[in-house]
Amino acid sequence: MRERTFGIIKPDAVQKGFTGEILSMIEKNGFKIVGLKKVRLNKEKAEGFYFVHRERPFFNSLTDFMSEGSIVVMVME
């Protein structure tokens with residue numbers, strides 16, 4: 001089995017229309033995208049995903065940012 005990793009295209013890049021360009025760069029650099037989904041996290045889901053950072057001073061701004069718009073999540077090989 002090949003190694004896999006998880007990636008996120010964040011809300012600001014999705015909103016600005018950079019998704020296609022970013023995916024192209026990923027593939028040009030030798031990664032194969034094996035799963036891709038556009039989703040929108042609510043604040044609660046963002047807090048759950050970034051739970052390990054809950055004690056950090058940037059936690060609230062991070063979870064606000066990640067829940068402000070759609071994101072693209074992917075699995076790459």
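Residues numbered from 1 in each chain as written. Predicted model: local features only at pLDDT ≥ 70, side-chain atom pairs only at ≥ 80, totals over all residues. Heavy atoms only, no water.

Draft legend 1. Expanded view of the nonpolar core. The biggest cluster of nonpolar side chains holds nine residues, and these are I9, A13, V14, L23, I26, I33, V72, M74 and M76. Per element, the largest residue contribution to this core is three residues, and it comes from strand β3 (residues 70-76). Aside from chain neighbours lying at most four places away, what touches I33 is L23, I26, E27, M74, V75 and M76. Within the second largest apolar cluster, eight residues are counted, among which are Y50, F59, L62 and M66. (Core = buried A, V, L, I, M, F, W, Y, C linked by side-chain atoms within 4.5 Å. Buried < 20%, exposed > 50% of the residue type's maximum accessible area, 1.4 Å probe, protein only. Helix = DSSP H or I, 4+ residues; strand = E, 2+ residues; numbered from the N terminus. Contact = heavy atoms within 4.5 Å.)

Draft legend 2. Spotlight on the sheet that holds β3. Here we have three strands laid out as an open sheet, ordered β1-β3-β2, and antiparallel in their pairing. Bordering the open sheet on either side are β1 (5-9) and β2 (33-40), each of which pairs with just one other strand. Averaged over all neighbouring strand pairs, the angle between strand axes comes to 20°, with direction disregarded. Summarising the sheet, β2 and β3 pair through seven bridges and their orientation is antiparallel. (Pairing = 2+ DSSP bridges. Axes fitted to C-alpha atoms, helices over the stretch in contact; angles between N-to-C directions.)

Draft legend 3. Quick look at the environment of R2. Note that R2 resides in the segment before β1. For the pair R2 and V14, spaced twelve residues apart in sequence, the C-alpha to C-alpha distance is 28 Å.

Draft legend 4. Seen up close, helix α2 (residues 19-28). The complete set of buried residues in α2 reads T19, L23 and I26. One side of α2 holds all its buried residues, which, seen down the axis, span an arc of 60°. In this structure, the buried residues of α2 make contact with β1, α1 (11-15), β2 and β3. (Arc of directions from axis to C-beta.)

Draft legend 5. Representation of helix α4 (residues 59-66) in the model. If you check which residues of α4 are buried, you get F59, L62, T63 and M66. On an axial view of α4, the arc spanned by its buried residues comes to 90°, and they lie on one face. If you follow the buried residues of α4, they end up packed against β1, α1, α3 (43-49) and β3.

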